[in-house]
Amino acid sequence: MQLTGTYTFKAPRDAVWQAMLDPENIRRCMPGCEEFKTTAEDQYEAVMKAGVGSIKGTFQGKIQLSERQPPSSYRMGVEGGGKPGRVKGSGVLTLTDQGGTTLVAYDGDAQVAGLIASVGQRLLGITARKLIEQFFKTMEKQIPATSA
Amino acid sequence: MAGAHVSITVNGKSYEREVEPRLLLVHFLREELGLTGTHIGCDTSQCGACTILLDDIAVKSCTMFAVQADGRSLTTVEGLAQGGQLHPVQEGFWEEHGLQCGYCTPGMIMSVVGLLQANASPSEQEIRHAIHGNLCRCTGYQHIVNAVQYAANKMAEGAKQPIGAD
Amino acid sequence: MIPSAFEYHSPTSVEDALGLLGRFGDDAKLLAGGHSLIPLMKLRLAAPEHLIDLGRVQGLSYIRDEGGAIAIGAMTTHSAVAASELLRSRVAVLAEAAASIGDVQVRNRGTIGGSLAHADPGADLPGVMLALNAELVARGASGTRTIAAADFFTDLLSTALEPNEVLTEIRIPVLPANTGSTYLKFANQASGYAIVGIAAVVTVSGATVADARVGVSGVGETASRASGTEQALRGQPANADAVKRAAQQAADGIEPLGDIHASAEYRSHLVRVFAERALNTALGRAQGRG
């Protein structure tokens, strides 16, 4: 399942970069985060109980950040599982300076198989995008107001 | 999780069972009662192979829990033939070549029985509308439409016969 | 596919259902016709620990003419809505939308209240409720309240219903004289869900469009009104040219979803095309041309 989208932060790129890679911020912004621990540098384990409307579940998984290119891009890998089954995916986040604001674009691929891929995808895709948007929205609030 | 007691009438016979609430009605029919005429096709509420009548209304038994049918009366394809005599709809599918592989047939037949109970002489358009929720990969539907028309005619003739004629 | 295990409750009154909702809170889910929820449970995208079945609650299935409004019980099936002479003659858009949902078997089980409370972006009825300025009646432990359709659909799969409330009734205000309405959709062929669904309600006054309301389903994360088109059409001559011009704005302000079934651009295009067609039909009916 392809997951792409963008979010515009009303903050300069360096500030967004710093916020997005701060483990404490990641914990705070992850929708329904119940547990979060750093297992190694750029490697985390988390449990989240999240959802949208009727679609709801508890997921636990590993997050791995890699390919850091400050302050413009990094890769985020996710591997874990919940009731609907196991999930594995990774995507690249690109931060583009837009003169005071920052466009964050994500482009990822999650492996989903079986019926959930064919029948569930209609709702799964938009639900995932919705949760990502919630993450960015909360993240934006973590960035102290600047004079940008 | 606690089991639930259900009492469900299927094809005129009453069954009492303890079931898990998450047991789907189609699994209840197939696995608890051994009535495997009702098929599981897509398992996603689209193909209609699992169609049965719930108090004379066509429903998809893969999209209901057995506990929801507690106290209700169901008809499956096994309940159609009487005394070794095929139901007119079954006979229509036989005579008009309304099936090839047969996988969709029980659900298709139950949808048609539901239709003919509500509308004894449907137009071709009404027939096609009534089987919209039943997918067939073999026939191209034309023979199924013919089979339904055969059944409707047969049932109309039967209704015309004086009482006690057979 | 087997759903996760759950505890099953089958209350026989709204009060008992509310009691159970109060007790189990976030772990509970109401089950109406089940044709949105059970498929999600089978995919385990939903896994409620407590399922509260409204199927045995008495008195939630009816269609009544109450003078100023038509009242529809939340557990009324789509089949019953589609077959209702009252709705077919007075609120064609709703009867037509209900008739276009899924297939016969789905309509025989699926309910108007269940569909609205689930608020699927591909569902047909939310846009219809918006175009009709319907009111949704919710009962909670502390009483009953009425929610305007415009305030009801808050976000993707989300409504203004509180977790401890039950949607009990849908109220459709009587449409003024010289009003025509229709529902037109471009459906996904496999599921029947709307890729684009247009609910159009047009009132004429002589040769002029007095009012036009257009609800759009299937396009964005929630249903919405095509307010640009509505404004562009009000006060205009009641003819196809005016409709054609107004329909060009039907996708304005809507952020269309893009997925494997239709790209965002294609959805926007379809909104304009189907808005024009639906408005022409509704206009024709308002003018007494069937």
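Residues numbered from 1 in each chain as written. Chains lettered and ligands numbered in written order. Predicted model: local features only at pLDDT ≥ 70, side-chain atom pairs only at ≥ 80, totals over all residues. Heavy atoms only, no water.

J.: How would you sum up the environment of Val113(B)? Please name residues and give values.
T.: All names here are of chain B. Tracing the chain through its elements places Val-113 in helix α3 (residues 105-118). Owing to a relative accessible area of 4%, Val-113 belongs among the buried residues under this scheme. Along the primary structure Val-113 and Leu-53 are separated by 60 residues, whereas in three dimensions their C-alpha atoms are 8.6 Å apart. Non-local contacts of Val-113, meaning those with residues more than four positions away in its chain, are made with Leu-53, Leu-80, His-87 and Val-89. (Helix = DSSP H or I, 4+ residues; strand = E, 2+ residues; numbered from the N terminus. Buried < 20%, exposed > 50% of the residue type's maximum accessible area, 1.4 Å probe, protein only. Contact = heavy atoms within 4.5 Å.)

J.: So what's going on with the sheet that holds strand β3 (residues 50-53) of chain C? Residues and values would help.
T.: Across a sheet, paired strands are connected by hydrogen bonds in the backbone, their directions being either parallel or antiparallel. Residues and elements named next belong to chain C. Spatially, the 3 strands line up as an open sheet ordered β1-β3-β2, and their pairing is parallel. Pairing within the sheet leaves two strands with one partner each, and these edge strands are β1 (7-9) and β2 (28-31). Each neighbouring strand pair of the sheet contributes to a mean axis angle of 25°, computed without reference to strand direction. Bridge count between β2 and β3: 4 bridges; the pairing is parallel. Considered in β3, the bridge of Leu-30 is made with Ile-52. (Pairing = 2+ DSSP bridges. Axes fitted to C-alpha atoms, helices over the stretch in contact; angles between N-to-C directions.)

J.: I'd like to hear about the pattern of salt bridges, residue by residue, with values.
T.: Evaluation of the coordinates by the stated rule reveals 32 salt bridges over all chains. One salt bridge connects Arg75(A) with Glu67(A), and the closest N-O pair in it is separated by 3.0 Å. By relative accessible area, Glu67(A) is classed as partly exposed at 47%. Between Arg145(C) and Glu165(C) there is a salt bridge, with its nearest N and O atoms 2.7 Å apart. Of the two residues, Arg145(C) is situated in strand β7 (residues 143-148) and Glu165(C) in the loop between β9 (158-159) and β10 (166-173); the sequence distance between them amounts to 20 residues. On the basis of relative accessibility, which here comes to 31%, the residue Arg145(C) falls in the partly exposed class. Given the relative accessible area of 9%, Glu165(C) is considered buried. (Salt bridge = Lys/Arg side-chain N within 4 Å of Asp/Glu carboxyl O.)

J.: How would you explain the interface of chain C and chain B if you had to name every residue and give the values?
T.: With 30 residues of chain C in contact, the opposing surface of chain B contributes 31 residues. For the pair chain C and chain B, the summed buried area comes to about 2500 Å², and 59% of that belongs to carbon and sulfur atoms. In terms of surface lost to chain B, no three residues of chain C exceed Phe6(C), Gln105(C) and Arg109(C), which account for 25% of the buried area on that side. One can count 2 salt bridges joining chain C with chain B. Taken together, chain C and chain B are joined by 13 residue pairs in polar contact (both at pLDDT 80 or more). Looking at the side of chain C that touches chain B, the elements that each hand over two or more residues are β1, α2 (37-42), β3 and α6 (104-109) of chain C. It is α6(C) that provides the largest number of residues to the side of chain C that touches chain B, a total of 6 residues. Residues of the side of chain C that touches chain B, tallied by class, amount to 15 nonpolar, 7 polar and 8 charged. (Buried area = accessible area lost by both parts, 1.4 Å probe. Polar contact = N/O pair within 3.5 Å; in protein donor to acceptor, adjacent residues only side chain to side chain. Nonpolar A, V, L, I, M, F, W, Y, C, P; charged D, E, K, R; others polar.)

J.: Which residues make up the sheet that holds strand β5 (residues 73-75) of chain B, and what values go with them?
T.: Residue and element names in this part refer to chain B. Spatial ordering of the open sheet is given by β2-β1-β5-β3-β4, a layout of 5 strands whose pairing is mixed. Whereas interior strands pair on both sides, the edge strands pair on one side only; in this sheet they are β2 (13-19) and β4 (57-60). Adjacent strand axes in the sheet meet at a mean angle of 40°, parallel and antiparallel pairs treated alike. Pairing of strand β3 (residues 51-54) with β5, which is carried by 2 bridges, proceeds in the antiparallel orientation.

J.: Account for the pairing of β3(C), with residues named and values stated.
T.: It is a general feature of regular strands that their side chains alternate between the two faces of the sheet. Residues and elements named next belong to chain C. Here β3 shows a buried face lined by His-50 and Ile-52 and a second buried face lined by Leu-51 and Asp-53. Pairing between β1 and β3: 3 bridges, direction parallel. Considered in β3, the bridge of Tyr-8 is made with Leu-51. The parallel pair β2 and β3 is bridged by α2, and the resulting crossover is right-handed. (Right-handed = clockwise from strand over helix to strand, strands pointing away.)

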